[in-house]
Amino acid sequence: MTHMLNRLENARAPIDWAIDRDLEALLKEIEEYIKRSASLCDLFMKKTTFQKAMKSDIYGVHLARSVKHFMELGDRLQRALSHHIVRSSDTNIGQQEIQLQDVQNIFVHLSSPVDKEIQELIKRGGGPKVIISKDDLLTKLAEKCGDKTIVSGQQKKGLQKLRKTLQDADFNTELDNHFSMFVKKLNYHLKDLPATLENHRDLIISSLAGGYKYIEDQDIQTIWKQMGWRITVKSRNFVLALRDYYVNGASSEPPNSPQQLVPSSVKEEPEHSSPARAIHRKDAWAMEYINLSFFQPIAEAIDDDGSGYISIQEVNEFTKNRMKGTTVPEWLAYWALGWQTSISQYRDKIYRVLRKIHQLRDKVRPDNLMLLDEYMHKSFPRLDLLLASTATYNGWIKPELLALREKFSADEDSRLRTRFEDVGIESPSDVETVTGPGRIERFIYPLIYILLQRHLKVIQLMRTRSLDEDEFVDMIGEFDHIFTVFDGRWENDLM
């Protein structure tokens, strides 16, 4: 399909209106089917190895049909353009016959050795229907698939869980339900896409000579140019230069000029001077927080990859993500101390919710107690480690910073809640869908607080209602997915 579009680009003859209308309809159909296929793959990837193995016939047919239909769409696109391409390039385009079995054979060929062993085990056992009826075969297959559902001393309960995951349901209905949720998640990713593309653009630009011209903030562009920095600068040098610039003001003199930095109190900037300027009066309060005492949090806020160097790409990402109505100095002040104090607030809020959950333990129905204990045992130890590592700041904070912190925290809480309620967290990939671009450590505290508030509502129902075990499996899974992303971030930093 891509090959055909490339050939169309080089074609000489114009496309007539009839072909144009046909192409528009066909390309819309292709767009819709791309979404459908992506949703199918997303649903398939969320299944366990055990589920994939036992329902391989169902999943395999749907995946093969998806590939076959894509090939047919490509063939239709070729035929729709054949008249135009032939007239412009004297090339004869034939039609290809696509067989479903051929596509399925490709999947078999691409199967891993472990997958082939699992399928052979199912075949020797008499097939999925026979295996699901025999405890020993089901247990053996689960072990082969690495499934931990069956634990020592609870074999009967584990087998019931496994059989429940394989209960027959209309797969087309499951696909349709999943597609509606998948489109919501896709729309959030498309909404975040422009920022991601801009970051890639800035990454390319930052490697070019004169890249400072592409720094979006005029003050930082001036600093970068005057200091003679090229692709990157050490985080420490960058913070010091910011401090000098904003405190003392700046002129258009070259670096190291004795007139370069002049105190704003004795200098009146002429109308024709460069865009660089002394500190705005409204954000003068922020200067107290832009210094080496707060170097580490400022550097971490801008240096997204933790390299110790700050690039043009990271500068642009930092400045354009600032809260609407704030200046760069105010945004620097927020990340110097405001963010840390907001995290301390969230830690205290989380502890309050945890205390409520512990208090509810003695009030839930007896048939719910084991589920609640399992949830707390599996979810809280990792959370306790995170909360224990949270530093506390007991110093004085300027009222302007407090106001900025409260406004940004409220905005972020509202944004995360909206996304969470829309798409939920069913896998690690859903975590970024909820948070949007950025490092997970910036979002993990408000995200966990929102998660625990939702869980608290469920646990409160346990006082009067008997809840399904799957509810708690999902709740435990949400914690697991968040910490999978969080731990992965730190593991990448240590590599």
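Residues numbered from 1 in each chain as written. Predicted model: local features only at pLDDT ≥ 70, side-chain atom pairs only at ≥ 80, totals over all residues. Heavy atoms only, no water.

A. View of the overall build of the protein. Looking only at helices and strands, the protein features 20 helices and two strands. By the burial criterion, 42% of the 495 residues in the protein qualify as buried. Partitioning the contacts of the protein with sequence separation of at least 6, the portion at a separation of at least 24 is 74%. (Helix = DSSP H or I, 4+ residues; strand = E, 2+ residues; numbered from the N terminus. Buried < 20%, exposed > 50% of the residue type's maximum accessible area, 1.4 Å probe, protein only. Contact = heavy atoms within 4.5 Å.)

B. Structural context of empty space enclosed by the protein. Taken as a whole and judged by the stated rule, the model has one cavity of 30 Å³ or more. One number sums up the size of the largest cavity: a volume of about 40 Å³. What lines the largest cavity is Leu121, Gly125, Ile131, Leu137, Lys140 and Leu141. Ranked by the residues each element gives to the lining of the largest cavity, the list is headed by helix H8 (residues 135-144), at three residues. (1 Å grid on protein atoms, 1.4 Å probe; cavity = no way out; pocket = protein on both sides within 12 Å on 5 of 7 lines; lining within 4 Å. Points joined across faces, edges and corners; volume = space filled by probe spheres on them.)

C. Structural detail: the nonpolar core. By size, the foremost hydrophobic cluster in this structure holds 44 residues, and its most contacted members are Ile350, Ile357, Tyr375, Leu383, Ile444, Ile448 and Leu452. The greatest single-element share of this core, amounting to 11 residues, is contributed by helix H19 (residues 444-461). The contact partners of Tyr375, leaving out residues within four places of it in the chain, are Ile357, Phe380, Leu452, His455, Ile459, Phe472, Met475, Ile476 and Phe479. Trp224, Val233, Met323 and Val328 belong to the second largest nonpolar core, which has 40 residues in total. (Core = buried A, V, L, I, M, F, W, Y, C linked by side-chain atoms within 4.5 Å.)

D. Highlighting helix H6 (residues 113-124). Taking 1.5 Å of rise per residue, 12 residues should cover 16 Å, and H6 covers 16 Å from first to last C-alpha, within 8% of that figure. Lining the buried residues of H6 we find helix H3 (49-54), helix H7 (128-133) and H8. (Expected span 1.5 Å × (residues − 1).)

E. Representation of the packing of aromatic side chains in the model. Tallying each qualifying case throughout the model produces 18 aromatic pairs. Each ring, one from Tyr245 and one from Tyr246, has its centre 5.4 Å from the other, and the planes form 80°; the classification is edge-to-face. Note on Tyr334 and Trp335: the rings are 5.1 Å apart at their centroids and 85° apart in plane angle, and the pair reads as edge-to-face. Cluster of aromatic residues (ring-pair linked, three or more members): Phe318, Trp331, Tyr334, Trp335, Trp339 and Phe408. Here Arg36 stacks its cationic end above the ring of Phe179, 3.7 Å away from the centre of that ring. Across from the ring centre of Tyr346, 4.9 Å away, lies the NZ or CZ of Lys349, which sits over that ring. (Phe/Tyr/Trp six-rings, centres within 6.5 Å; stacked < 30°, edge-to-face > 60°. Lys NZ or Arg CZ within 6 Å of the ring centre and 35° of its normal.)

F. Examining the side chain of Asp219 more closely. Structurally, Asp219 can be placed in helix H11 (residues 218-227). Asp219 gets classed as buried once you look at its relative accessible area, which sits at 8%. Side chain to side chain, Asp219 and Tyr245 meet in a polar contact 3.1 Å long. (Polar contact = N/O pair within 3.5 Å; in protein donor to acceptor, adjacent residues only side chain to side chain.)

G. Representation of the packing of H11 against helix H12 (residues 235-248) in the model. Taken N-terminus to C-terminus, the directions of H11 and H12 make an angle of 115°; their axes are 11 Å apart at the nearest point. It follows that H11 is roughly perpendicular to H12 by the angle criterion. Remark: the crossing between H11 and H12 carries right-handed chirality. Residues Asp219, Ile220, Thr222, Ile223 and Trp224 of H11 pack against Phe238, Ala241, Leu242, Tyr245 and Tyr246 of H12. (Axes fitted to C-alpha atoms, helices over the stretch in contact; angles between N-to-C directions. Parallel < 35°, antiparallel > 145°, perpendicular 65-115°, else oblique. Left-handed = near helix turned anticlockwise from the far one by under 90°.)

H. Molecular detail of H8. Among all positions of H8, only Leu138, Thr139, Leu141 and Ala142 are buried. Buried residues along H8 cover an arc of 165° about the axis, so they all sit on one side. In H8, the exposed positions that point more than 90 degrees away from the buried face belong to Asp136 and Glu143. Close packing links the buried residues of H8 with H3, H6, H7 and helix H9 (155-165). Remark: Gly146 follows H8 within two positions and exhibits a positive phi of approximately 75°. (Arc of directions from axis to C-beta.)

I. Representation of the environment of Leu73 within the structure. In this fold, Leu73 is placed in helix H4 (residues 56-89). Taking the C-alpha atoms as reference, Leu73 lies 8.1 Å from Leu26; in sequence the two are 47 residues apart.

J. Focus on the pattern of salt bridges. Counted under the stated rule, the structure contains 26 salt bridges. Glu426 is the partner of Lys185 in a salt bridge, and the nearest nitrogen-oxygen pair spans 3.9 Å. Of the two residues, Lys185 sits in helix H10 (residues 171-205) while Glu426 sits in the loop between helix H17 (399-423) and helix H18 (428-435), which places them 241 residues apart along the sequence. Judged by its relative accessible area of 5%, Lys185 is buried. Among the ionic pairs, Glu406 bridges to Arg405, the shortest N-O distance being 2.7 Å. Given the relative accessible area of 9%, Arg405 is considered buried. Members of the salt-bridge network, linked through shared partners, are Asp42, Lys46, Lys185, Glu426 and Asp430. (Salt bridge = Lys/Arg side-chain N within 4 Å of Asp/Glu carboxyl O.)

K. Representation of the confidence of the model for the protein in the model. Across the protein, the average pLDDT comes to 80, with 77% of residues at 70 or higher. Between the elements of the protein, mean pLDDT differs from a low of 56, seen in helix H1 (residues 2-9), to a high of 96, seen in H19. Below pLDDT 50 for its whole length, residues 250-278 participates in 47 contacts with residues either more than four positions away or in separate chains. (pLDDT = per-residue confidence, 0-100.)

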